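Structural overview for review
One-letter residues, chain by chain:
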Amino acid sequence: MRQVVVAGIGQTVFGKFLHRGVRSLAEEALSSAIADSGIGYEQIDVTYFANALSGLVTGQETIRGQVALRNTGVMGRPIINVDNACASGSTAFHLAWLSVASGQADVALAIGAEKLTHEDKSVTFGAFASGVDVEERARLQMEAPQGHSVFMDIYAERARRYMEFSGATPKDFALVCVKSRQAASMNEWAQFRSPVTVDEVLGSRMISAPLTLNMCSPIADGAAAAILVSEEFAQRAGAPHVYVKACALVSANKDGLGPTCAERAAKAAYDTAGLGPEDIHVAEVHDASAAAEIMLYERLGFAAPGRGVSLLRAGDTSVGGRLPVNPGGGLLSRGHPVGATGIAQIIELTTHLRGTAGARQREGAKAALAECSGGQLGADSALAAATILTNFK
Ligand SMILES: CC(=O)SCCNC(=O)CCNC(=O)[C@H](O)C(C)(C)COP(=O)(O)OP(=O)(O)OC[C@H]1O[C@@H](n2cnc3c(N)ncnc32)[C@H](O)[C@@H]1OP(=O)(O)O
(Lines give C-alpha, C1' and ligand atoms only; values in the text may rest on other atoms or scores of the structure.)
Protein backbone atom coordinates (compact mmCIF):
# COMPACT_ATOMS: atom_id res chain seq x y z
CA MET A 1 0.00 0.00 0.00
CA ARG A 2 1.22 3.54 -0.78
CA GLN A 3 1.40 6.34 1.78
CA VAL A 4 -1.60 8.66 1.43
CA VAL A 5 -1.63 12.36 2.28
CA VAL A 6 -4.54 14.70 3.04
CA ALA A 7 -3.69 17.54 0.65
CA GLY A 8 -6.79 19.72 0.71
CA ILE A 9 -9.72 20.39 3.05
CA GLY A 10 -12.80 22.59 2.86
CA GLN A 11 -16.29 22.84 4.32
CA THR A 12 -19.35 25.05 4.63
CA VAL A 13 -20.68 26.39 7.88
CA PHE A 14 -23.09 23.79 9.31
CA GLY A 15 -26.62 24.88 10.23
CA LYS A 16 -30.25 24.94 9.17
CA PHE A 17 -30.38 26.40 5.64
CA LEU A 18 -33.94 25.80 4.58
CA HIS A 19 -33.52 27.47 1.21
CA ARG A 20 -30.12 26.03 0.25
CA GLY A 21 -29.74 22.80 -1.71
CA VAL A 22 -27.19 19.98 -1.74
CA ARG A 23 -25.58 21.33 -4.93
CA SER A 24 -24.72 24.76 -3.56
CA LEU A 25 -23.39 23.24 -0.31
CA ALA A 26 -21.25 20.68 -2.18
CA GLU A 27 -19.89 23.28 -4.61
CA GLU A 28 -18.80 25.56 -1.77
CA ALA A 29 -17.01 22.80 0.18
CA LEU A 30 -15.33 21.49 -2.96
CA SER A 31 -14.09 24.88 -4.14
CA SER A 32 -12.57 25.62 -0.76
CA ALA A 33 -10.83 22.19 -0.67
CA ILE A 34 -9.48 22.88 -4.16
CA ALA A 35 -8.22 26.30 -3.08
CA ASP A 36 -6.63 24.80 0.05
CA SER A 37 -4.84 22.07 -1.94
CA GLY A 38 -3.64 24.08 -4.93
CA ILE A 39 -4.67 21.05 -7.02
CA GLY A 40 -6.83 21.56 -10.12
CA TYR A 41 -10.30 20.03 -10.54
CA GLU A 42 -8.99 18.26 -13.66
CA GLN A 43 -6.35 16.43 -11.59
CA ILE A 44 -8.97 14.60 -9.52
CA ASP A 45 -9.08 11.00 -10.78
CA VAL A 46 -12.09 9.77 -8.82
CA THR A 47 -14.78 11.24 -6.56
CA TYR A 48 -16.64 9.53 -3.72
CA PHE A 49 -19.80 11.45 -2.90
CA ALA A 50 -21.31 10.79 0.53
CA ASN A 51 -24.95 11.45 1.20
CA ALA A 52 -27.31 9.46 3.37
CA LEU A 53 -30.68 11.09 3.84
CA SER A 54 -31.10 14.00 1.42
CA GLY A 55 -32.67 11.72 -1.16
CA LEU A 56 -35.57 11.15 1.22
CA VAL A 57 -35.80 14.86 2.06
CA THR A 58 -35.42 16.30 -1.46
CA GLY A 59 -36.73 13.47 -3.67
CA GLN A 60 -33.37 13.01 -5.46
CA GLU A 61 -32.88 9.41 -4.36
CA THR A 62 -30.18 8.23 -6.81
CA ILE A 63 -27.29 9.77 -8.82
CA ARG A 64 -27.03 12.31 -6.01
CA GLY A 65 -23.30 12.98 -6.56
CA GLN A 66 -23.61 13.51 -10.28
CA VAL A 67 -26.54 15.88 -9.74
CA ALA A 68 -24.80 17.83 -6.98
CA LEU A 69 -21.47 18.15 -8.81
CA ARG A 70 -22.82 18.57 -12.35
CA ASN A 71 -21.44 22.13 -12.68
CA THR A 72 -17.96 21.35 -11.34
CA GLY A 73 -14.69 20.28 -12.95
CA VAL A 74 -14.84 16.75 -11.53
CA MET A 75 -17.47 15.71 -14.07
CA GLY A 76 -16.50 13.25 -16.78
CA ARG A 77 -14.49 10.99 -14.46
CA PRO A 78 -15.89 8.41 -12.01
CA ILE A 79 -18.25 9.73 -9.34
CA ILE A 80 -19.29 7.01 -6.92
CA ASN A 81 -22.26 7.58 -4.63
CA VAL A 82 -21.75 6.40 -1.06
CA ASP A 83 -24.53 5.82 1.48
CA ASN A 84 -23.52 4.29 4.80
CA ALA A 85 -25.88 6.17 7.14
CA CYS A 86 -24.18 8.54 9.60
CA ALA A 87 -20.77 7.15 8.60
CA SER A 88 -21.26 7.90 4.88
CA GLY A 89 -18.59 10.63 4.93
CA SER A 90 -16.10 8.34 6.69
CA THR A 91 -16.88 5.61 4.17
CA ALA A 92 -16.26 7.96 1.24
CA PHE A 93 -12.98 8.95 2.90
CA HIS A 94 -12.12 5.25 3.35
CA LEU A 95 -12.75 4.54 -0.34
CA ALA A 96 -10.77 7.60 -1.46
CA TRP A 97 -7.89 6.47 0.76
CA LEU A 98 -8.10 2.94 -0.70
CA SER A 99 -8.00 4.26 -4.28
CA VAL A 100 -4.82 6.20 -3.65
CA ALA A 101 -3.19 3.63 -1.34
CA SER A 102 -3.75 0.87 -3.89
CA GLY A 103 -2.25 2.92 -6.73
CA GLN A 104 -5.53 3.05 -8.65
CA ALA A 105 -5.62 6.86 -8.37
CA ASP A 106 -3.11 9.62 -7.60
CA VAL A 107 -5.76 12.09 -6.51
CA ALA A 108 -9.12 11.15 -4.97
CA LEU A 109 -11.85 13.38 -3.61
CA ALA A 110 -14.07 12.46 -0.66
CA ILE A 111 -16.98 14.84 -0.37
CA GLY A 112 -20.06 14.66 1.82
CA ALA A 113 -23.10 16.91 1.51
CA GLU A 114 -26.41 16.70 3.31
CA LYS A 115 -29.67 18.57 3.22
CA LEU A 116 -31.86 17.63 6.20
CA THR A 117 -34.04 20.64 6.87
CA HIS A 118 -37.55 20.57 5.45
CA GLU A 119 -40.55 22.79 6.09
CA ASP A 120 -42.33 19.69 7.38
CA LYS A 121 -40.12 18.35 10.20
CA SER A 122 -41.79 14.93 10.06
CA VAL A 123 -40.09 14.42 6.66
CA THR A 124 -36.68 14.85 8.32
CA PHE A 125 -37.56 12.63 11.27
CA GLY A 126 -38.92 10.00 8.86
CA ALA A 127 -35.62 10.09 6.92
CA PHE A 128 -33.65 9.47 10.14
CA ALA A 129 -35.81 6.41 10.86
CA SER A 130 -34.50 4.80 7.66
CA GLY A 131 -31.11 4.43 9.37
CA VAL A 132 -32.49 1.91 11.86
CA ASP A 133 -33.20 -1.65 10.77
CA VAL A 134 -36.93 -2.32 10.45
CA GLU A 135 -37.00 -5.12 13.04
CA GLU A 136 -35.44 -2.82 15.65
CA ARG A 137 -37.93 -0.10 14.77
CA ALA A 138 -40.76 -2.53 15.32
CA ARG A 139 -39.30 -3.71 18.63
CA LEU A 140 -39.03 -0.15 19.88
CA GLN A 141 -42.39 0.81 18.35
CA MET A 142 -40.68 3.61 16.47
CA GLU A 143 -42.53 3.41 13.19
CA ALA A 144 -44.07 6.86 13.55
CA PRO A 145 -41.45 9.15 15.10
CA GLN A 146 -43.04 12.10 16.88
CA GLY A 147 -41.09 15.30 17.33
CA HIS A 148 -37.61 13.81 17.25
CA SER A 149 -35.35 11.38 15.47
CA VAL A 150 -35.75 7.73 16.55
CA PHE A 151 -32.01 7.68 17.13
CA MET A 152 -32.45 9.81 20.23
CA ASP A 153 -34.64 7.06 21.76
CA ILE A 154 -31.93 4.53 20.95
CA TYR A 155 -29.18 6.75 22.36
CA ALA A 156 -31.31 7.46 25.45
CA GLU A 157 -31.69 3.73 26.09
CA ARG A 158 -27.91 3.33 25.82
CA ALA A 159 -27.40 6.31 28.16
CA ARG A 160 -29.69 4.78 30.80
CA ARG A 161 -27.79 1.48 30.67
CA TYR A 162 -24.49 3.35 30.89
CA MET A 163 -25.62 5.35 33.93
CA GLU A 164 -26.47 2.12 35.73
CA PHE A 165 -23.15 0.54 34.79
CA SER A 166 -20.83 3.49 35.50
CA GLY A 167 -22.58 5.76 37.97
CA ALA A 168 -22.53 8.62 35.43
CA THR A 169 -25.28 11.22 35.93
CA PRO A 170 -27.18 13.62 33.66
CA LYS A 171 -24.91 16.33 35.05
CA ASP A 172 -21.95 14.54 33.43
CA PHE A 173 -23.78 14.53 30.11
CA ALA A 174 -24.43 18.25 30.58
CA LEU A 175 -20.71 18.75 31.16
CA VAL A 176 -20.03 17.21 27.74
CA CYS A 177 -22.33 19.84 26.22
CA VAL A 178 -20.64 22.69 28.07
CA LYS A 179 -17.25 21.45 26.83
CA SER A 180 -18.58 21.01 23.32
CA ARG A 181 -20.03 24.54 23.13
CA GLN A 182 -16.85 26.02 24.57
CA ALA A 183 -14.92 24.36 21.73
CA ALA A 184 -17.47 25.37 19.09
CA SER A 185 -17.36 28.99 20.25
CA MET A 186 -13.87 29.01 18.68
CA ASN A 187 -14.97 27.28 15.46
CA GLU A 188 -16.32 29.53 12.73
CA TRP A 189 -17.86 26.51 10.93
CA ALA A 190 -20.00 25.35 13.87
CA GLN A 191 -23.80 25.45 14.09
CA PHE A 192 -24.04 26.40 17.79
CA ARG A 193 -21.35 28.82 18.96
CA SER A 194 -22.76 30.37 22.11
CA PRO A 195 -21.61 28.94 25.47
CA VAL A 196 -24.09 27.09 27.70
CA THR A 197 -24.07 26.24 31.41
CA VAL A 198 -24.76 22.88 33.06
CA ASP A 199 -28.06 24.27 34.41
CA GLU A 200 -29.15 25.46 30.96
CA VAL A 201 -28.43 22.05 29.46
CA LEU A 202 -30.25 20.21 32.25
CA GLY A 203 -33.16 22.66 32.00
CA SER A 204 -33.59 22.40 28.24
CA ARG A 205 -36.57 20.47 26.81
CA MET A 206 -36.56 16.72 27.57
CA ILE A 207 -36.31 14.81 24.28
CA SER A 208 -35.92 11.22 25.49
CA ALA A 209 -34.91 10.75 29.13
CA PRO A 210 -32.22 11.37 30.22
CA LEU A 211 -31.35 13.29 27.02
CA THR A 212 -32.43 16.93 26.95
CA LEU A 213 -32.45 19.04 23.77
CA ASN A 214 -28.88 20.22 24.24
CA MET A 215 -27.66 16.64 24.75
CA CYS A 216 -28.90 15.63 21.26
CA SER A 217 -27.01 16.24 18.04
CA PRO A 218 -29.05 18.74 16.03
CA ILE A 219 -30.51 18.70 12.56
CA ALA A 220 -28.09 20.38 10.16
CA ASP A 221 -27.34 20.99 6.51
CA GLY A 222 -23.77 21.28 5.28
CA ALA A 223 -20.93 19.88 3.23
CA ALA A 224 -17.27 18.93 3.73
CA ALA A 225 -14.55 17.80 1.33
CA ALA A 226 -11.07 16.28 1.54
CA ILE A 227 -8.61 15.71 -1.29
CA LEU A 228 -6.29 12.73 -0.85
CA VAL A 229 -3.12 12.24 -2.86
CA SER A 230 -0.18 9.87 -3.01
CA GLU A 231 2.93 10.94 -1.13
CA GLU A 232 4.82 11.36 -4.43
CA PHE A 233 2.07 13.62 -5.76
CA ALA A 234 2.09 15.66 -2.53
CA GLN A 235 5.83 16.18 -2.80
CA ARG A 236 5.52 17.38 -6.39
CA ALA A 237 2.59 19.65 -5.52
CA GLY A 238 4.24 21.00 -2.35
CA ALA A 239 1.15 20.07 -0.29
CA PRO A 240 1.39 19.93 3.53
CA HIS A 241 1.96 16.37 4.70
CA VAL A 242 -0.74 14.93 6.93
CA TYR A 243 -0.58 11.17 6.54
CA VAL A 244 -3.47 8.71 6.69
CA LYS A 245 -1.77 6.07 8.84
CA ALA A 246 -4.81 3.79 9.12
CA CYS A 247 -8.36 3.83 7.86
CA ALA A 248 -10.52 1.00 9.20
CA LEU A 249 -14.16 0.25 8.48
CA VAL A 250 -16.17 -2.51 10.17
CA SER A 251 -19.78 -3.67 10.25
CA ALA A 252 -21.80 -5.02 13.17
CA ASN A 253 -21.08 -8.62 14.17
CA LYS A 254 -23.39 -11.24 12.65
CA ASP A 255 -24.68 -12.31 16.07
CA GLY A 256 -24.48 -8.85 17.66
CA LEU A 257 -22.19 -10.23 20.35
CA GLY A 258 -18.63 -9.27 21.32
CA PRO A 259 -16.92 -5.89 21.12
CA THR A 260 -18.87 -3.02 19.54
CA CYS A 261 -18.20 -1.71 16.05
CA ALA A 262 -16.38 1.33 17.46
CA GLU A 263 -14.07 -0.87 19.56
CA ARG A 264 -13.25 -3.15 16.64
CA ALA A 265 -12.70 -0.27 14.20
CA ALA A 266 -10.38 1.47 16.67
CA LYS A 267 -8.43 -1.73 17.37
CA ALA A 268 -7.96 -2.34 13.64
CA ALA A 269 -6.76 1.24 13.14
CA TYR A 270 -4.36 1.11 16.12
CA ASP A 271 -2.92 -2.22 14.89
CA THR A 272 -2.38 -0.93 11.34
CA ALA A 273 -0.82 2.35 12.51
CA GLY A 274 1.35 0.62 15.11
CA LEU A 275 0.03 3.13 17.66
CA GLY A 276 -2.13 2.84 20.77
CA PRO A 277 -4.67 5.10 22.50
CA GLU A 278 -1.83 6.52 24.62
CA ASP A 279 -0.21 7.92 21.45
CA ILE A 280 -3.27 9.94 20.37
CA HIS A 281 -3.09 13.69 21.06
CA VAL A 282 -6.49 14.80 19.75
CA ALA A 283 -9.68 12.99 18.67
CA GLU A 284 -13.00 13.55 16.97
CA VAL A 285 -15.65 11.03 18.01
CA HIS A 286 -19.28 10.38 17.12
CA ASP A 287 -21.12 12.25 19.89
CA ALA A 288 -24.59 11.77 18.40
CA SER A 289 -25.66 12.29 22.01
CA ALA A 290 -23.69 13.73 24.92
CA ALA A 291 -23.71 10.38 26.71
CA ALA A 292 -22.24 8.64 23.65
CA GLU A 293 -19.09 10.74 23.85
CA ILE A 294 -18.26 9.42 27.34
CA MET A 295 -18.96 5.83 26.29
CA LEU A 296 -16.64 6.32 23.33
CA TYR A 297 -13.74 7.38 25.58
CA GLU A 298 -13.91 3.82 26.87
CA ARG A 299 -14.50 2.08 23.56
CA LEU A 300 -11.56 3.85 21.95
CA GLY A 301 -9.27 2.91 24.84
CA PHE A 302 -8.83 6.42 26.29
CA ALA A 303 -10.32 5.28 29.62
CA ALA A 304 -11.01 1.94 31.31
CA PRO A 305 -14.62 0.64 31.23
CA GLY A 306 -16.80 2.78 33.49
CA ARG A 307 -14.05 5.38 33.94
CA GLY A 308 -14.81 7.72 31.00
CA VAL A 309 -16.44 10.23 33.30
CA SER A 310 -13.18 10.73 35.26
CA LEU A 311 -11.45 11.84 32.07
CA LEU A 312 -14.22 14.34 31.40
CA ARG A 313 -14.43 15.70 34.94
CA ALA A 314 -10.63 16.18 35.07
CA GLY A 315 -10.84 18.40 31.98
CA ASP A 316 -8.51 16.09 30.05
CA THR A 317 -10.80 16.05 27.00
CA SER A 318 -11.45 19.83 26.89
CA VAL A 319 -9.64 22.21 24.57
CA GLY A 320 -6.39 22.89 26.43
CA GLY A 321 -6.50 19.45 28.06
CA ARG A 322 -4.19 16.49 27.57
CA LEU A 323 -6.42 14.79 24.98
CA PRO A 324 -8.98 17.20 23.52
CA VAL A 325 -11.98 15.27 22.21
CA ASN A 326 -14.20 17.01 19.67
CA PRO A 327 -12.27 20.29 19.73
CA GLY A 328 -14.33 21.39 16.72
CA GLY A 329 -17.54 21.09 18.77
CA GLY A 330 -18.40 17.54 17.67
CA LEU A 331 -21.78 16.56 16.32
CA LEU A 332 -23.45 18.27 19.30
CA SER A 333 -22.26 21.79 18.47
CA ARG A 334 -20.54 21.76 15.08
CA GLY A 335 -23.70 20.04 13.85
CA HIS A 336 -24.43 16.72 12.18
CA PRO A 337 -25.25 17.00 8.48
CA VAL A 338 -25.01 13.24 8.35
CA GLY A 339 -23.10 12.60 5.07
CA ALA A 340 -20.66 15.45 5.75
CA THR A 341 -19.83 14.62 9.38
CA GLY A 342 -17.09 12.02 8.91
CA ILE A 343 -15.19 14.34 6.60
CA ALA A 344 -15.66 17.34 8.91
CA GLN A 345 -13.96 15.26 11.64
CA ILE A 346 -10.98 14.69 9.33
CA ILE A 347 -10.84 18.41 8.52
CA GLU A 348 -10.73 19.37 12.20
CA LEU A 349 -7.94 16.90 12.94
CA THR A 350 -5.96 17.91 9.86
CA THR A 351 -5.88 21.52 11.08
CA HIS A 352 -4.45 20.36 14.43
CA LEU A 353 -1.76 18.31 12.68
CA ARG A 354 -0.92 21.26 10.44
CA GLY A 355 -0.76 23.51 13.52
CA THR A 356 -3.44 25.84 12.11
CA ALA A 357 -6.35 25.21 14.52
CA GLY A 358 -5.97 28.65 16.13
CA ALA A 359 -7.38 29.06 19.63
CA ARG A 360 -8.42 25.40 19.82
CA GLN A 361 -5.05 24.02 18.68
CA ARG A 362 -3.78 20.96 20.58
CA GLU A 363 -0.17 22.08 21.00
CA GLY A 364 2.35 19.54 19.77
CA ALA A 365 -0.31 17.33 18.13
CA LYS A 366 1.35 14.52 16.18
CA ALA A 367 -1.30 11.79 16.02
CA ALA A 368 -5.08 12.09 15.81
CA LEU A 369 -8.01 9.66 15.76
CA ALA A 370 -11.42 10.07 14.11
CA GLU A 371 -14.27 7.68 14.94
CA CYS A 372 -17.65 7.73 13.26
CA SER A 373 -20.57 5.31 13.67
CA GLY A 374 -23.48 4.68 11.33
CA GLY A 375 -27.01 3.34 11.56
CA GLN A 376 -28.44 0.87 14.04
CA LEU A 377 -28.56 -2.91 13.66
CA GLY A 378 -29.73 -4.92 16.65
CA ALA A 379 -28.08 -3.62 19.80
CA ASP A 380 -25.11 -1.90 18.13
CA SER A 381 -24.38 0.60 15.38
CA ALA A 382 -24.55 -0.98 11.93
CA LEU A 383 -20.98 0.10 11.20
CA ALA A 384 -18.08 2.22 12.42
CA ALA A 385 -15.00 3.80 10.92
CA ALA A 386 -11.75 4.73 12.65
CA THR A 387 -9.01 6.77 10.99
CA ILE A 388 -5.60 7.68 12.35
CA LEU A 389 -3.82 10.72 10.95
CA THR A 390 -0.26 11.77 11.75
CA ASN A 391 2.12 14.53 10.74
CA PHE A 392 5.03 12.10 10.71
CA LYS A 393 5.68 9.23 8.31
C1 LIG B 1 -25.67 7.21 14.12
C2 LIG B 1 -26.14 8.66 14.32
O3 LIG B 1 -25.46 9.58 13.99
S4 LIG B 1 -27.56 8.93 15.08
C5 LIG B 1 -27.82 10.68 15.09
C6 LIG B 1 -28.56 11.14 13.92
N7 LIG B 1 -29.13 12.44 14.20
C8 LIG B 1 -30.29 12.57 14.85
O9 LIG B 1 -30.88 11.58 15.21
C10 LIG B 1 -30.83 13.97 15.10
C11 LIG B 1 -31.35 14.11 16.51
N12 LIG B 1 -31.91 15.40 16.72
C13 LIG B 1 -33.25 15.66 16.68
O14 LIG B 1 -34.06 14.78 16.54
C15 LIG B 1 -33.68 17.09 16.77
O16 LIG B 1 -32.61 17.95 16.49
C17 LIG B 1 -34.26 17.49 18.16
C18 LIG B 1 -35.49 16.69 18.44
C19 LIG B 1 -33.23 17.24 19.24
C20 LIG B 1 -34.58 18.97 18.13
O21 LIG B 1 -35.48 19.15 17.08
P22 LIG B 1 -35.65 20.55 16.34
O23 LIG B 1 -36.90 20.41 15.55
O24 LIG B 1 -34.40 20.94 15.65
O25 LIG B 1 -35.79 21.50 17.52
P26 LIG B 1 -36.70 22.70 17.65
O27 LIG B 1 -37.11 23.30 16.35
O28 LIG B 1 -37.75 22.31 18.59
O29 LIG B 1 -35.62 23.67 18.25
C30 LIG B 1 -35.92 24.65 19.09
C31 LIG B 1 -34.66 25.44 19.26
O32 LIG B 1 -33.63 24.64 19.81
C33 LIG B 1 -32.48 24.69 19.01
N34 LIG B 1 -31.89 23.36 18.97
C35 LIG B 1 -32.26 22.33 18.20
N36 LIG B 1 -31.46 21.28 18.45
C37 LIG B 1 -30.59 21.69 19.39
C38 LIG B 1 -29.51 21.06 20.03
N39 LIG B 1 -29.15 19.80 19.78
N40 LIG B 1 -28.83 21.76 20.95
C41 LIG B 1 -29.17 23.02 21.21
N42 LIG B 1 -30.17 23.67 20.62
C43 LIG B 1 -30.86 23.01 19.72
C44 LIG B 1 -32.97 25.07 17.64
O45 LIG B 1 -31.93 25.76 16.93
C46 LIG B 1 -34.11 25.99 17.97
O47 LIG B 1 -33.63 27.26 18.25
P48 LIG B 1 -34.32 28.55 17.60
O49 LIG B 1 -35.74 28.46 18.04
O50 LIG B 1 -33.54 29.66 18.18
O51 LIG B 1 -34.13 28.36 16.12
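In every chain, residue numbers begin from 1 and rise along the written sequence. In keeping with the predicted nature of the model, local features appear solely for residues at pLDDT of at least 70, side-chain atom pairs appear and are counted solely at 80 or more, and the whole-chain, interface and lining totals rest on all residues. With hydrogens and water stripped out, all remaining heavy atoms of the structure feed into the side-chain values.

**Notes on the UniProt feature "domain: Thiolase C-terminal" (unreviewed entry) in the protein**
As a reminder, the rule being used: UniProt positions are given in the numbering used here, feature names are shortened, and annotations may be inferred rather than shown by experiment. Only DSSP runs of H or I with at least four residues qualify as helices, and only runs of E with at least two residues qualify as strands; both kinds are numbered from the N terminus onward.
UniProt marks residues 251–381 with the feature "domain: Thiolase C-terminal" (unreviewed entry), using the numbering shown here. Between the end C-alpha atoms of residues 251–381 the distance is 8 Å, and the span holds 38% helix and 9% strand.

**Points about the confidence of the model for the protein**
Operational definition: pLDDT expresses how confident the predictor is about each individual residue, on a scale running from 0 to 100.
On average, residues of the protein score 96 in pLDDT, and 99% of them are at 70 or above. What the predictor reports for the complex is a pTM of 0.97 with an ipTM of 0.96.

**Thoughts on the packing of aromatic side chains**
When we look at a pair of aromatic rings, we describe it by the centre distance and by the angle of the planes. Where we set the bar: The pairing test for Phe, Tyr and Trp rings, Trp by its six-membered ring, is centres within 6.5 Å, and the orientation test on the planes gives stacked under 30 degrees, edge-to-face over 60, and tilted for anything in between. Criterion for a charge above a ring: Arg CZ or Lys NZ at most 6 Å from the ring centre, at most 35 degrees from the ring normal.
A complete count under the given rule lists one aromatic pair for this structure. When the ring of Tyr-162 is compared with that of Phe-165, the centres are 6.2 Å apart and the planes differ by 55°; the resulting orientation is tilted. You can see Tyr-162 and its partner Phe-165 sitting in helix H7 (residues 150–166), three residues apart, about one turn around the helix. Arg-158 extends its terminal NZ or CZ atom over the ring of Tyr-155, reaching a point 4.7 Å from the ring centre.

**A short note on the side chain of Ser-289**
Where we set the bar: For every residue, the accessible area (1.4 Å probe, protein chains only) is compared with the maximum for its type, and the residue is labelled buried under 20%, exposed over 50%, or partly exposed between those bounds. Should any heavy atoms of two residues lie within 4.5 Å, those residues are considered in contact.
Tracing the backbone through its elements, the reader meets Ser-289 in the loop between strand E9 (282–284) and helix H12 (290–299). Of the residues examined, Ser-289 reaches a relative accessible area of 0% and is grouped as buried. If we skip the residues at most four places from it in the chain, Ser-289 touches Tyr-155, Leu-211, Met-215 and Leu-332.

**Overview of the environment of Thr-124**
Take Thr-124: it is sitting in helix H5 (residues 121–129). Separated by 109 residues in the primary sequence, Thr-124 and Gly-15 have C-alpha atoms spaced 14 Å apart. Once residues within four sequence positions are removed from consideration, Thr-124 is found in contact with Leu-116, Thr-117, His-118 and Ile-219.

**Regarding helix H11 (residues 261–273)**
Our working rule: Helix span, as expected, comes to 1.5 Å for every residue beyond the first. Taken from the helix axis, the directions to the C-beta atoms give the arc we talk about.
Spanning 13 residues, H11 covers 18 Å between terminal C-alpha atoms, matching the ideal 18 Å at 1.5 Å per step. Here H11 has its buried residues at Cys-261, Ala-262, Ala-265, Ala-266, Ala-269, Tyr-270 and Ala-273. In a view along the axis of H11, the buried residues occupy a sector of 160°, so they form one face of it. Positive backbone phi, at 70°, marks Gly-274, one or two positions downstream of H11.

**Here's the deal with the domain arrangement of the protein**
Frequently, the measure chosen for interface size is the accessible area removed from exposure when the parts meet. How we decide: Residue ranges for the domains originate in an automatic or database domain assignment. Buried surface area refers to the total accessible area, computed with a probe of radius 1.4 Å, that the two partners give up upon joining, counted for both partners together. We define a salt bridge as a side-chain nitrogen of Lys or Arg found within 4 Å of a carboxyl oxygen belonging to Asp or Glu.
Taken domain by domain, the protein comprises domain 1 (4–118 + 220–242) and domain 2 (148–216 + 247–390). Between domain 1 and domain 2, the contact holds 43 residues from the first and 34 residues from the second. Carbon and sulfur atoms make up 72% of the surface buried where domain 1 meets domain 2, a total of about 2,900 Å² over both sides. By the criterion of area lost to domain 2, the three top residues of domain 1 are Phe-14, Cys-86 and Val-242, representing 25% of everything that side buries. One can count one salt bridge joining domain 1 with domain 2. Notably, a salt bridge pairs Arg-354 with Asp-36, separated by 2.9 Å at the nearest N-O pair. Mapped by element, the contributors of at least two residues to the side of domain 1 that touches domain 2 are strand E1 (4–11), helix H4 (88–101), strand E4 (107–114) and strand E7 (222–230). Sort the elements by how many residues they give to the side of domain 1 that touches domain 2 and H4 lands first, with seven residues.

**Regarding the site of the ligand**
Threshold: For this purpose, a residue is taken to be near a molecule or strand whenever a single non-hydrogen atom of the residue falls within 4 Å of it. Under the rule applied, a polar contact is a pair of N or O atoms within 3.5 Å (in protein, one hydrogen donor and one hydrogen acceptor; residues adjacent in sequence only if both atoms are side-chain atoms). A 1.4 Å probe and the Shrake-Rupley method give the accessible areas. Residues count as covered only by the protein chains that appear here.
Not every one of the 26 residues close to the ligand is listed here, only the nearest: Lys-121, Ser-149, Arg-205, Cys-216 and His-286. The separation between an oxygen atom of the ligand and a polar side-chain atom of Arg-205 is 2.5 Å. His-286 places a side-chain nitrogen or oxygen 2.7 Å from an oxygen atom of the ligand. Out of a free accessible area of 980 Å², the ligand has 77% covered by protein chains. Mapped by element, the contributors of at least two residues to the shell around the ligand are H5 and H7.

**Some points on the pattern of salt bridges**
Inspection of the entire model under this criterion finds 12 salt bridges. The shortest N-O distance in the salt bridge between Asp-106 and Arg-2 comes to 3.2 Å. Placement of Asp-106 in the loop between H4 and E4 and of Arg-2 in the segment before E1 is noted, with a sequence separation of 104 residues between them. Judged by its relative accessible area of 31%, Asp-106 is partly exposed. Given the relative accessible area of 27%, Arg-2 is considered partly exposed. A salt bridge links Glu-284 to Arg-334; the nearest nitrogen and oxygen atoms lie 2.9 Å apart. Here Arg-334 lies in the loop between helix H14 (330–333) and helix H15 (338–354) and Glu-284 lies in strand E9, a separation of 50 residues in the sequence. Classification of Glu-284 by relative accessible area gives buried; the value is 0%. For Arg-334, a relative accessible area of 1% translates into the label buried. Several salt bridges converge on common partners, so that one network encompasses Arg-2, Asp-106 and Glu-232.

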